[in-house]
Amino acid sequence: MAVTGYTIPRSPGGRASIVPYPPWHYVGDFLVVEYWADPEKAASVLPRGLDPHPDAGRCAAVFADWQSCSEHGGELTDPSRSQYKEVFIVVNALLDGEEVTTCPFIWVDRDFALTRGWLQGFPKKLGSIWVTRTFGLESPADPGVRAGATYGGTCSAYERRVVEAT
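My aim in this report is to walk through the structure given alongside it, one point at a time. Values in this document were obtained by computation on a predicted structure and should not be read as measured data.

Quick look at the nonpolar core now. In this structure, Leu31, Phe63, Val87, Trp107, Ile129, Cys155 and Val163 are the most contacted members of the largest nonpolar core, which totals 14 residues. Sorting the residues of this core by element identifies β1 (24-36), β3 (58-70), β4 (83-95), β7 (128-131), β8 (153-157) and β9 (160-165) as the ones contributing at least two each. When near neighbours in sequence (up to four residues on either side) are disregarded, Cys155 contacts Val87, Trp107, Ser128, Ile129, Arg160, Arg161, Val162 and Val163. Counting residues in hydrophobic clusters, the runner-up holds 7 residues, among them Trp66, Phe112, Ala113 and Leu114.

Below, the structure is given as structure tokens:
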């Protein structure tokens, strides 16, 4: 009997794969914090072929609380295979004069998101990620989406804080 699956580990039924076959569908909530880094440090992480953005040092930290599924949607009935959190740093740049962003750093909290990211070319690493959420309720525990609302996000990797933002 042949073993099958999109990624390792493969099994006779193909269900042991860390990542299911594409296409993949995503929804999520985001906390995006735009900031300006030291222009030289921002330029130092640009891949070869990209030029610094005219707004030197322009970056963002993106915290995301995701839910995803493959075409058959089976992951939705097993949320441990569909939900994950992620934080990534993007640096604005130019490619042949066109504005682009590049992602030099990215952390996720689940192995399937890590593996899928590697397949897509992202330099994902594992981390512990937390993001303030809103539930659409009038409550002191819900900051809501309104002027003056306060949100935060953190990421730790190897027991060290690597990103925090409010």
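Read on for the rest.
On the surface, Asp51, Asp55, Asp96, Glu98 and Glu99 cluster together into a patch of negative charge. Along the chain, the position of Glu98 falls in strand β5 (residues 98-108). A relative accessible area of 55% means that Glu98 is categorised as exposed.

Before going further, it helps to examine the pattern of salt bridges. Using the criterion set out here, one finds 5 salt bridges in the structure. A salt bridge links Glu34 to Arg58; its shortest N-O distance comes to 2.7 Å. A residue pair is termed long-range when its members are at least 10 positions apart, and Glu34 in strand β1 and Arg58 in strand β3 qualify at 24 residues. By relative accessible area, which is 42% here, Glu34 ends up partly exposed. Of the residues examined, Arg58 reaches a relative accessible area of 24% and is grouped as partly exposed. With its nearest N and O atoms 3.5 Å apart, the salt bridge here joins Lys85 to Asp109.

Another aspect to go through is unusual backbone geometry. Following Ile8, the chain continues into Pro9 via a peptide bond in cis, with omega recorded as -10 degrees. Position of Pro9 among the secondary structure elements: in the segment before β1. In this structure, Pro23 follows Pro22 across a cis peptide bond, with omega equal to 5 degrees. Following the sequence through the fold, Pro23 ends up in the segment before β1. For Glu159, which is not a glycine, the phi torsion comes out positive at approximately 65 degrees. Look at Glu159 and you get exposed, because its relative accessible area is 80%.

How each quantity is defined
Residues numbered from 1 in each chain as written. Predicted model: local features only at pLDDT ≥ 70, side-chain atom pairs only at ≥ 80, totals over all residues. Heavy atoms only, no water. Core = buried A, V, L, I, M, F, W, Y, C linked by side-chain atoms within 4.5 Å. Buried < 20%, exposed > 50% of the residue type's maximum accessible area, 1.4 Å probe, protein only. Helix = DSSP H or I, 4+ residues; strand = E, 2+ residues; numbered from the N terminus. Contact = heavy atoms within 4.5 Å. Patch = residues over 30% accessible without salt bridge, like charges linked within 9 Å, V, L, I, M, F, W, Y side chains within 5 Å. Areas by Shrake-Rupley, 256 points an atom, 1.4 Å probe, with all protein chains shown as cover. Salt bridge = Lys/Arg side-chain N within 4 Å of Asp/Glu carboxyl O. Lys, Arg positive; Asp, Glu negative; His and termini not counted. Charge placed at Lys NZ, Arg CZ, Asp CG, Glu CD.

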